[in-house]
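Overview (structure and organization)
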Amino acid sequence: MSYLEFGAIPLQVNPDLQEERDQASFHVTELTHIIDGGAEKTQLRKRLEKLIYSDPDFRRFPDVRTFGTKSEFYGASVLKSIKLFQLRKEHQWTDEESDIVHSLVDHGHALGLHHAMFIPALERLATDEQKAKWLTIAKQYKILGTYAQTELGHGTYLQGLETTATYDPGTQEFILNTPTISAMKWWPGSLGKSSNYAIVLATLITRGKRHGMHPFVVQLRSLEDHQPLPGIKVGEIGAKMGTLSTDNGYLILNNIRILRENMLMKNAQVSPDGTFTASAPNQANYATMVLLRVRISEFAYTNISKAVTIGIRYSAVRRQSKLDPEEKEAKILEYQTQQYKLFPGLALAYAILFSTKLLKKKYREAQTEIMKGNLQSLPELHCETSGSKAFCTEHMLKEVEIIRQSCGGHGYLAASGIGMMTSSSAPLVTVEGENTVMYLQVARYLLKRFSNAKSGEQIEGCTSYLSMNHAPYLCPFLSEKDCRNLSSLCDVYRYRAFIVISRVVRTVQTDIKDGLPQHDAFNKNLVHLVRAARAHCYFNVVKDFAEAVKELDASIQICTVLISLCCFFAVHGIVENSGDFLQTQTIGVEQLKWLKNLQTSLLAEIRPNAVALVDAFDYHDITLTSALGSYDGNAYERLYQSTEKDSMNSQEVHSSYHTYLKPFIQEMNKAKL
Ligand SMILES: CCCCCCCC/C=C\CCCCCCCCCC(=O)SCCNC(=O)CCNC(=O)[C@H](O)C(C)(C)COP(=O)(O)OP(=O)(O)OC[C@H]1O[C@@H](n2cnc3c(N)ncnc32)[C@H](O)[C@@H]1OP(=O)(O)O
Ligand SMILES: Cc1cc2nc3c(=O)[nH]c(=O)nc-3n(C[C@H](O)[C@H](O)[C@H](O)COP(=O)(O)OP(=O)(O)OC[C@H]3O[C@@H](n4cnc5c(N)ncnc54)[C@H](O)[C@@H]3O)c2cc1C
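Just so it is clear, the structure is predicted and the values come from calculations on it, not from any experiment.

Details of the sheet that holds strand β7 (residues 232–236)
Overall, antiparallel pairing links the three strands, which are arranged β4-β8-β7 in an open sheet. Among the strands making up the open sheet, the edge pair consists of β4 (185–186) and β7. Inspection of the sheet shows β4 paired to strand β8 (residues 249–253) by two bridges, in the antiparallel sense. Its bridge partner lying in β8, K185 is registered against L251.

Now the structure itself:
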């Protein structure tokens, strides 16, 4: 074959990958059904996949992302939004169907915030009357909106927001203003160029008194020509590390008058004469963020499962160096160190999958009560969603980067798909509550629950272990074999969390007793508080994974492989954080030795099913958009083929040659003569 023909992609699956599939101990489809939530859900996903990918534009979007300019990509991203909205309307998709489609076609699209936050905010923060007005037209796409909360000066500290909404009883209007440079809205997605409406979060002032952050519906752009309305300055904030599909924007409001009815009044009301009444605590206005924290946890699953699919498939077809000098070069997946790079990400994907399935169920139940006005479950929900968002995104980002490195040089190419995943995953640790801040919210709840438990209250929910009557702790691992027991592993995590939490509580209390003001005592211990929150979250994820596996209604083969994976997830977490486990004496040095041995034995145990475990995620090649991780494993042909799509290769000689290089070469050659 001449080198010019190398680009042709073989019709058959790479034999190295086929070999992996042939040795799987379980039926991949059975596991795919479990992941999707049942065979009928898999069928639904496949049906939607077929519909979406029958459209040439949806097949083309990934290439524009990889090879286009920022402006081309934004244009394609607007088209993607429009197509998704049209399809949603035409097929009357439910939220579930729409979520499936989003997970297929790469989350980013120009108007993503319309369904991600604008509509959820209306659903959660508007009165029934307001919903009849705003939600109806938002769902019909007559208005296209976003969620404008963060300002240049404040993202985390919502009480510090400076945008004002001052009530004028004379006209029964609110006047919205951006009083300082730090008050300008900065970051909201879909704000720069796409949306014509926004829910603007502003400090409410009525009768000369400030009442904290409240939501207001504000029209930003004309529905006729999309020009910003008078008094509104809006634009794109500039180039970012990734997430190029979204036009993150800035917004300056100059004496913008809106009707009194444009304040979303489910949780607090301003009457025509300017009287303020609150029917719920101010934090009820944070409801949209709580939802997004659940969705971002799910998105962490999407990212890590895609990344590890690429990493493991590629490692099964890439051969480098010899293990046995007498044999041919080994698949890089054979190297124990490569497994050590990939399998933590694989186990994490399944851990997040099962844990977020449970979180979503709890969220739905709590949200139903909250919508009825029963806010009892809100603090627990806030703790669980904040903790999940922080844990899932922190670990996902770490593992995605390790997996990228596991792909060697080719992992750095855009066509690998994985480099982009690192940059698009990066903001998830910051958005919707920066992770440290989220862990500190968890810690705050743990401290409260700990003192409730101390005063004899029976604690329910995710912190129920704080009120356990703790008998003297005995490490359940008496031999290496014991370290495989999922209940024992959960016990070790539970005690670690309990001890770390009780120690930090004691330290904070002692510091306060010694005369430090509470805020100083807190700040002196913030690092330990985050550590306590992390220990709590780790325990919960391990427990969720172990319980899901225990309750699985599946074949023995699937149960066996998932038990190994869950065991690996838990053991790996102990080894990685062994300092903490040793210091809390939840394990001893001998146990750590066993756990380290078990960790490497489990690598070998998981190895034969590694490809099948990622095949079960069942990503369509277009969804994956990776030359390295496609289903057929023909990585080199796909990489070479991808060079054709690069505009640099559209001409043999680039125009810069004529402008710069040619005169330089001529000059240099003249000088030589
Ligand atoms: C591109 C489009 C893609 C769309 C695709 C479809 C969807 C796919 C899904 C995911 C894809 C992801 C793609 C990326 C999308 C990016 C979107 C990003 C959007 C944003 O970032 S919006 C802005 C988010 N901003 C924040 O999260 C701000 C963080 N800050 C806070 O939440 C709070 O200020 C705080 C929690 C830090 C502090 O609260 P505060 O009231 O000020 O002060 P405290 O004294 O700490 O708390 C008082 C009291 O309230 C309790 N509490 C706090 N928060 C809550 C809550 N949310 N619910 C209930 N209770 C709460 C707190 O615990 C205290 O209680 P206590 O007094 O102790 O009893
Ligand atoms: C890609 C992207 C999309 C976004 N989309 C939107 C959107 O659609 N709408 C919107 O309103 N916003 C959006 N945001 C903004 C986002 O919500 C904020 O950036 C985020 O909430 C973090 O706030 P911050 O930027 O003010 O960080 P900061 O709070 O300034 O954080 C900086 C550092 O300070 C630390 N810190 C801050 N406060 C504390 C504390 N109390 N205790 C201890 N440490 C602290 C943090 O841990 C962090 O290390 C987006 C941001 C990005 C990057």
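Notes on the pairing of β8
Along β8, four of the five residues are buried, which leaves the element largely enclosed by surrounding structure. Relative to β8, β7 runs antiparallel, the two being bridged by five bridges. Considered in β8, the bridge of V234 is made with L251.

Some points on the UniProt feature "binding site: FAD" (unreviewed entry) in the protein chain
Using the residue numbers shown here, the UniProt feature "binding site: FAD" (unreviewed entry) corresponds to T150 and G189. Sequence-wise these annotated residues cover 40 residues; spatially they are packed, their C-alpha atoms never more than 10.5 Å apart. Considering the arrangement of structural elements, one finds T150 in the loop between β1 (145–148) and β2 (164–168). With respect to the secondary-structure elements, G189 resides in the loop between β4 and β5 (197–206). Judged by its relative accessible area of 8%, G189 is buried. Among all residues touching G189, those that are not within four sequence positions of it are L113, T146, T246, D247 and N248.

Examining the site of ligand 2
The immediate surroundings of ligand 2 are formed by 19 residues, with T150, G155, T156, G189 and E434 found nearest. Between ligand 2 and the protein, one listed contact pairs a nitrogen atom with a side-chain N or O atom of T150 at 2.7 Å. Within the contact set of ligand 2, an oxygen atom lies 2.9 Å away from a backbone nitrogen or oxygen of G155. If you tally residues by element for the shell around ligand 2, the top one is helix α13 (residues 435–454), at three residues.

Looking at the nonpolar core
Counting 155 residues, the largest nonpolar core has L346, Y350 and L562 as the members making the most contacts within it. Among the elements that line this core, the one with the most residues is helix α9 (residues 287–317), at 18 residues. Grouped together as the second largest cluster of nonpolar side chains are 23 residues, Y167, F174, L220 and I256 included.

Calculation rules
Residues numbered from 1 in each chain as written. Chains lettered and ligands numbered in written order. Predicted model: local features only at pLDDT ≥ 70, side-chain atom pairs only at ≥ 80, totals over all residues. Heavy atoms only, no water. Pairing = 2+ DSSP bridges. Helix = DSSP H or I, 4+ residues; strand = E, 2+ residues; numbered from the N terminus. Buried < 20%, exposed > 50% of the residue type's maximum accessible area, 1.4 Å probe, protein only. UniProt positions renumbered as here; feature names shortened; annotations may be inferred. Contact = heavy atoms within 4.5 Å. Near = heavy atom within 4 Å. Polar contact = N/O pair within 3.5 Å; in protein donor to acceptor, adjacent residues only side chain to side chain. Core = buried A, V, L, I, M, F, W, Y, C linked by side-chain atoms within 4.5 Å.

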